[in-house]
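A look at the structure
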Amino acid sequence: MNRIKNTIAVAKRLKLSSIMTNSELPSIFNGTVDLGIIGGTGLYNLDCLEPIALLPPMVTPWGITSSPVTISQFVGTNSHFHVAFIARHGVNHEYPPTRVPFRANMAALKNLNCKAVLSFSAVGSLQAHIKPRDFVLPQQIIDRTKGIRHSSYLNDEGLVGHVGFGQPFSEKFAEYIYQFKDAITNPESEEPCHLHYDKDMTVVCMEGPQFSTRAESKMYRMFGGHVINMSVIPEAKLARECELPYQMVCMSTDYDAWRDEAEPVTVETVIGNLTNNGRNANLLASKIIVSMAKEIPEFMHSGDGLRGSIKKSISTKPEAMSKDTLEKLRYLFPDYW
Ligand SMILES: CSC[C@H]1O[C@H](OP(=O)(O)O)[C@H](O)[C@@H]1O
Ligand SMILES: Nc1ncnc2[nH]cnc12
């Protein structure tokens, strides 16, 4: 009873409307969680999901998650496939990109035993053929953040580890999502939306919070960037350190600042496309979740080749690790040390 009261108190404090209408939701969940979803700007929940538990913001060794963690199943089903959802910027959009507790968010999803993480992000387009409202499944990243975000679980004194990051996303996961590309195309619309995917698609991650200058935007095009955001780093790095297959769905909202003949991006332009993108995110997520619930894909069962990689990546001998370090590692990997 106290837990439920606590949940309601948190919900009230956070003015979380979906929770207020679900105030009887339990604040603990003892089932298995299969998929983690991180929602970005304009995507604070998914309508296709029916919440069955609401965990108050989770306390991890790396701080507190940016939002409560909603455990859901697909609307209208009683399936055993469960999704954990976190709002990246908080339910009231209170964490700017530099201050998102990325480590806590990914650690919480790992601790809940998620088998993969699907992330959504509002992005600017750096290419004429990627129109605002189109979606992109990037396979590469150019990191233009400024080194001020905590971007690793393996960067404390007394713990040395280097994971491979040559392929920062899960190709298998991207292919799985891409089979549902028609979900976002509205053929009746004058401007149907497209889901773009190939192995060279690159997302540039900048620090922000200001948008790019025109010169920077043009430089990112020369680098080979396709879209730009402020959040894929460190999210993708942390997913890799958690051995979690990770794919970001980039939802284009604007043409950034590279087109000389057009106004550079403003937040109004971004907001103007969020409703359409949110609707398409729901359509795409529905297809993915229904399909996963029918049969969990192989890359989630097997861990997409990542399982065990962290053990090989850590050079420090466990005997030399402090109690604190071991405790933190065990939060992520209870079976390894
Ligand atoms: C409001 S535009 C800039 C903002 O939008 C994106 O957020 P998210 O990735 O969480 O959808 C971008 O990364 C910036 O943080
Ligand atoms: N042009 C842009 N630059 C960085 N992040 C963005 N998110 C949405 N549009 C963006």
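Identification of the protein chain as S-methyl-5'-thioadenosine phosphorylase from Saccharomyces pastorianus is taken from an unreviewed UniProt entry. Word for word, the UniProt comment on the protein chain under Subunit (unreviewed entry) is "Homotrimer."

On to the UniProt feature "site: Important for substrate specificity" (unreviewed entry) in the protein chain. Under the present numbering, the feature "site: Important for substrate specificity" (unreviewed entry) in UniProt falls on S212 and V267. For this annotated set, covering 56 residues, all C-alpha atoms fall within 12.4 Å of each other, a compact arrangement in space. The topology assignment puts S212 in the loop between strand 11 (202–206) and helix 5 (214–223). A residue is classified by how much of its surface remains accessible, and S212, at 8% relative accessible area, is buried. Look past the residues within four positions of S212 in its chain and what remains in contact with it is M206, S217, Y220, I228, D256 and A257. Secondary-structure assignment places V267 in helix 7 (residues 267–272). The class for V267 is partly exposed, based on a relative accessible area of 45%.

Where two aromatic rings form a pair, the distance of their centres and the angle of their planes describe that pair. Under the defined criterion, the tally for this structure stands at 12 aromatic pairs. Taken together, a centroid distance of 5.9 Å and an interplanar angle of 15° make the contact between F169 and Y246 stacked. Of this pair, F169 sits in the loop between strand 9 (140–144) and helix 4 (171–178) while Y246 sits in strand 13 (residues 246–254); the two residues are 77 residues apart in sequence, bridging distant segments of the chain. For F169, a relative accessible area of 3% gives the class buried.

Glancing now at helix 4. Buried within helix 4 are the following residues: F173, A174, Y176 and I177. Along the axis of helix 4, the buried residues cluster in a sector spanning 160°; they form a single face.

Per the stated rule, a full pass over the model turns up 9 salt bridges. Between R88 and E235 there is a salt bridge; the shortest N-O distance is 2.8 Å. Taken together, the residues span a long stretch of sequence, with R88 in the loop between strand 6 (83–87) and helix 3 (102–111) and E235 in helix 6 (residues 232–241) at a distance of 147 residues. On the basis of relative accessible area, E235 is assigned to the buried category, the value being 2%.

With respect to the element layout, Y220 can be found in helix 5. C-alpha of Y220 to C-alpha of R144: the two residues are 76 residues apart in sequence and 9.7 Å apart in space. Discounting residues that sit within four places of it in the chain, Y220 has contacts with L126, R144, V204, S212, G225 and I228.

With that out of the way, let us pick up the pairing of strand 6. Counting buried positions along strand 6 gives 5 out of 5 residues, so the element sits mostly inside the fold. By the alternation rule, side chains of strand 6 split into V83, F85 and A87 and A84 and I86, which are all buried. Examined bridge by bridge, strand 1 (residues 35–39) and strand 6 share 5 bridges and lie parallel to one another. Residue pairing across strands places L35 opposite V83, the latter belonging to strand 6. Here strand 5 (residues 69–74) runs beside strand 6; their pairing, made up of 3 bridges, is antiparallel.

Moving on, we come to the UniProt feature "binding site: substrate" (unreviewed entry) in the protein chain. Here the UniProt-annotated "binding site: substrate" (unreviewed entry) positions come out as M230, D254, Y255 and D256. Tracing the backbone through its elements, the reader meets M230 in the loop between strand 12 (227–229) and helix 6. Exposure remark for M230: the relative accessible area of 14% places this residue in the buried category. In this structure, M230 is in contact with P97, R149, C205, M206, E207, G208, P209, Q210 and F211, ignoring residues within four places of it in sequence. Mapping D254 onto the fold places it in strand 13. Apart from the residues lying within four places of it in its own chain, the contact partners of D254 are V123, G124, S125, P132, V265, T269 and V270.

Conventions adopted
Residues numbered from 1 in each chain as written. Chains lettered and ligands numbered in written order. Predicted model: local features only at pLDDT ≥ 70, side-chain atom pairs only at ≥ 80, totals over all residues. Heavy atoms only, no water. UniProt positions renumbered as here; feature names shortened; annotations may be inferred. Helix = DSSP H or I, 4+ residues; strand = E, 2+ residues; numbered from the N terminus. Buried < 20%, exposed > 50% of the residue type's maximum accessible area, 1.4 Å probe, protein only. Contact = heavy atoms within 4.5 Å. Phe/Tyr/Trp six-rings, centres within 6.5 Å; stacked < 30°, edge-to-face > 60°. Arc of directions from axis to C-beta. Salt bridge = Lys/Arg side-chain N within 4 Å of Asp/Glu carboxyl O. Pairing = 2+ DSSP bridges.

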